[in-house]
Every structure is written in structure tokens, then in C-alpha cells.
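Structure at a glance
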Amino acid sequence: MMSLTGIFLMFFLLIHLSINLTLFGGADTFNAASEFMGTNPLIFGMQFVLAAGFIYHIFLAIVLTFQNWKARGSQKYYSNKWSEHTPFNSRSMIWTGVIVLLFLFLHLWNYFIPIKTADQHLDHYELVTELFKDPIYAALYVIWFIALAIHLSHAFQSSFQSLGLRSGSYIKLFQVLGKIFFWAISIGFSVIAIWFFIKGNGMM
Ligand code: HEM
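Since the model is a prediction, treat every value here as computed from it, not as a measurement.

1. Side note on the overall build of the chain
- Of the regular secondary structure elements, the chain holds eight helices and zero strands.
- Scanning the chain from its N terminus toward the C terminus, one meets helices and strands in the order α-α-α-α-α-α-α-α.
- Referenced to the eigenvectors of the C-alpha coordinate spread, the extents of the chain come out at roughly 65 × 40 × 35 Å.
- Within the chain, counting contacts between residues at least 6 apart in sequence, those at least 24 apart form 77% of the total.

2. Quick notes on the packing of helix H6 (residues 124-133) against helix H8 (residues 170-200)
- Viewed as axis vectors pointing N to C, H6 and H8 meet at an angle of 80°, and their least axial separation amounts to 7 Å. The angle between the axes of H6 and H8 places the two elements in the roughly perpendicular class. Together, Thr 129, Phe 132 and Lys 133 of H6 and Ala 193, Phe 196, Phe 197 and Gly 200 of H8 make up the contact between the two elements.

3. Thoughts on the environment of Tyr 137
- When you line up the elements, Tyr 137 lands in helix H7 (residues 135-162).
- C-alpha separation for the pair Tyr 137 and Met 93, spaced 44 residues apart in sequence, amounts to 24 Å.
- Those residues in contact with Tyr 137, other than ones at most four positions away along the chain, are Leu 131 and Phe 132.

4. A short note on the site of the ligand
- In the neighbourhood of the ligand, 20 residues make up the surrounding shell, with Tyr 111, Phe 112, Ile 115, Phe 189 and Ile 192 lying closest.
- It is helix H5 (residues 93-117) that contributes the most residues to the shell around the ligand, six residues altogether.
- Its residues placed into classes, the shell around the ligand shows 13 nonpolar, seven polar and no charged.

5. Looking at the nonpolar core
- Leu 148, Leu 152 and Ala 193 are the most contacted members of the largest nonpolar core, which totals 21 residues.
- Of all the secondary structure elements, the ones that give two or more residues to this core are H6, H7 and H8.
- Element by element, the count of residues in this core is highest for H7, at nine residues.
- What Leu 152 contacts, discounting residues up to four positions off in sequence, is Met 10, Phe 181, Phe 182 and Ile 185.

6. Overview of the packing of H5 against H7
- As a packed pair, H5 and H7 sit with axes 9 Å apart at the nearest point and diverge in direction by 140°. By the angle class used here, H5 and H7 are oblique. As H5 packs across H7, the resulting crossing turns out to be left-handed. Of H7, the residues touching H5 (which contributes Met 93, Thr 96, Gly 97, Ile 99, Val 100 and Phe 103) are Trp 144, Ala 147, Leu 148, Ile 150, His 151 and His 154.
- Residues belonging to the contact of H5 with H7 are distributed by class as follows: eight nonpolar, four polar and no charged.

7. Some details on the environment of Ile 171
- Tracing the backbone through its elements, the reader meets Ile 171 in helix H8.
- C-alpha separation for the pair Ile 171 and Pro 114, spaced 57 residues apart in sequence, amounts to 43 Å.

8. Examining H8
- The terminal C-alpha atoms of H8, which comprises 31 residues, lie 44 Å apart, in line with the 45 Å expected from a rise of 1.5 Å per residue.
- Those residues of H8 lying buried are Gly 178, Phe 182, Ile 185, Ser 186, Phe 189, Ile 192, Ala 193, Phe 196 and Phe 197.
- Those residues of H8 that are buried are in contact with helix H1 (2-21), H6 and H7.
- Once H8 ends, the next one or two residues include Gly 202, with phi positive near 60°.

Rules and cut-offs
- Residues numbered from 1 in each chain as written.
- Predicted model: local features only at pLDDT ≥ 70, side-chain atom pairs only at ≥ 80, totals over all residues.
- Helix = DSSP H or I, 4+ residues; strand = E, 2+ residues; numbered from the N terminus.
- Contact = placed C-beta atoms within 7 Å.
- Axes fitted to C-alpha atoms, helices over the stretch in contact; angles between N-to-C directions.
- Parallel < 35°, antiparallel > 145°, perpendicular 65-115°, else oblique.
- Near = placed C-beta within 6 Å.
- Nonpolar A, V, L, I, M, F, W, Y, C, P; charged D, E, K, R; others polar.
- Core = buried A, V, L, I, M, F, W, Y, C linked by C-beta atoms within 7 Å.
- Buried ≥ 20, exposed ≤ 12 C-beta atoms within 10 Å, placed from the backbone.
- Left-handed = near helix turned anticlockwise from the far one by under 90°.
- Expected span 1.5 Å × (residues − 1).

See below:
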């Protein structure tokens, strides 16, 4: 379930990034894409599935982490430290996950809440681009995307491994796909924040 909810969330990220990239098409393009996402009944329904997926993924992550800590603590004859072969991105999954979650609250506060609670028509393009004019927000968002990149760099391969798909001749394929995925997601989102910071401050 951890891998399935993870794959679902990665799929969400791809869609979210695709919509966000329409920001480069200007206000009309982004507002039209945003309007479609906000009014399409199927997508409206998916929001609840997304929220449930997020909550379930986080719940399982906490349960698994406690189980791991407990199991390692009870193994008297083994070191309760991580193996030196365990890569950093794998060891830090719970912490990069916590960082991603904390920033997600900030993100929902910045965009989701104002859009859902606005009593009159709100220009989504303006809402998004105004925020990135602020150097602190632009930097905070890039830090968020770096934490997300580290989290995803392990998540992608690990999900397919747990499902038993990453084996034999597919190992290399999933390694390559994993790298393409996490670089595309992190660079894609970061470019948006940096671009609108530069543009918004008249630096070009
Ligand atoms: C440059 C980066 C990003 C921008 C400009 C952006 C923009 C937005 C906007 C405008 C909304 C409100 C959509 C609406 O309700 O109509 C939104 C919602 C949301 N964002 Fe982002 N986002 C970014 C990155 C991310 C990332 C990296 C994640 C996840 C790790 C994320 C997760 C969400 C979630 C869960 C929602 C609420 C669900 C939804 O409305 O689809 N966003 N974002």
C-alpha cells in the first residue's frame, strides 16, 4: 500500500507540474488550465482521493518507521545503526517526507485555501506569480523542491521494487526512469519559482 499510494502521488505530481508549466504560456493559458481543473467534476472527485492517498501514505510511513526503529532496537546482536551501504536518500526518507509535508501545509495556505475561499473571482496566475516575487518564498519553495527530489530519488525505485517489478533486466530501466522522473519533477518545479522571481523583480 505504501508503494501504491506513493506511485499515485508521483502520478499526481506529474499532472500538477504539467498544469503549472502552462504558467509560461501567460495569464490566459494558466487561468484556463486552472479553471478546467477547478470545474471538471472528475478532477473535483479526484481531490478527495488525493487527500485520502496523502493521509494514508503518511500514516503508513509513520507506522513503518516506528516498526523499523523498534525492530532494530530489539536486535541485540546486530548494530542498531544503519548499514554503511544504505544510501542517504533511503535513510532519510522519513525526514525528507516530514519536510515535504511541512512545506505542503505552507503551500496549501498560499494557494489552495485562497482559491477555495475567495468570494469573488480570483486571478490564479496573479496569485501564483506574485508569491514568487518575494525572495524568501522563492527560496523556501526551492528548498522544498530539493527535499522532494531527495525523497523521490529513493521513492521511485523503492516503489517498483516493493511491487516486485524492479527485478532482472528491468533494474537498469527503473534506475534510468527514476532518475529522469526525479530530475524532471525537481527541476520543473524549481524553474517555475526561479523564473517568476527573476521576471517579477524586473531582472530581465
Ligand atoms: C512551482 C511549484 C508549484 C506551484 C506554482 C503550485 C501551484 C498550486 C496551485 C495554484 C494550487 C491550487 C489549485 C486549485 O485549487 O485550483 C495548488 C494546489 C496543490 N498543490 Fe501545488 N504547486 C506547486 C508545487 C507543488 C508540489 C511540489 C506539491 C506536492 C509535493 C504540490 C501539491 C499540491 C496539492 C496537494 C494541492 C491541492 C490539491 C489540488 O488543488 O490539486 N504542489 N498548487
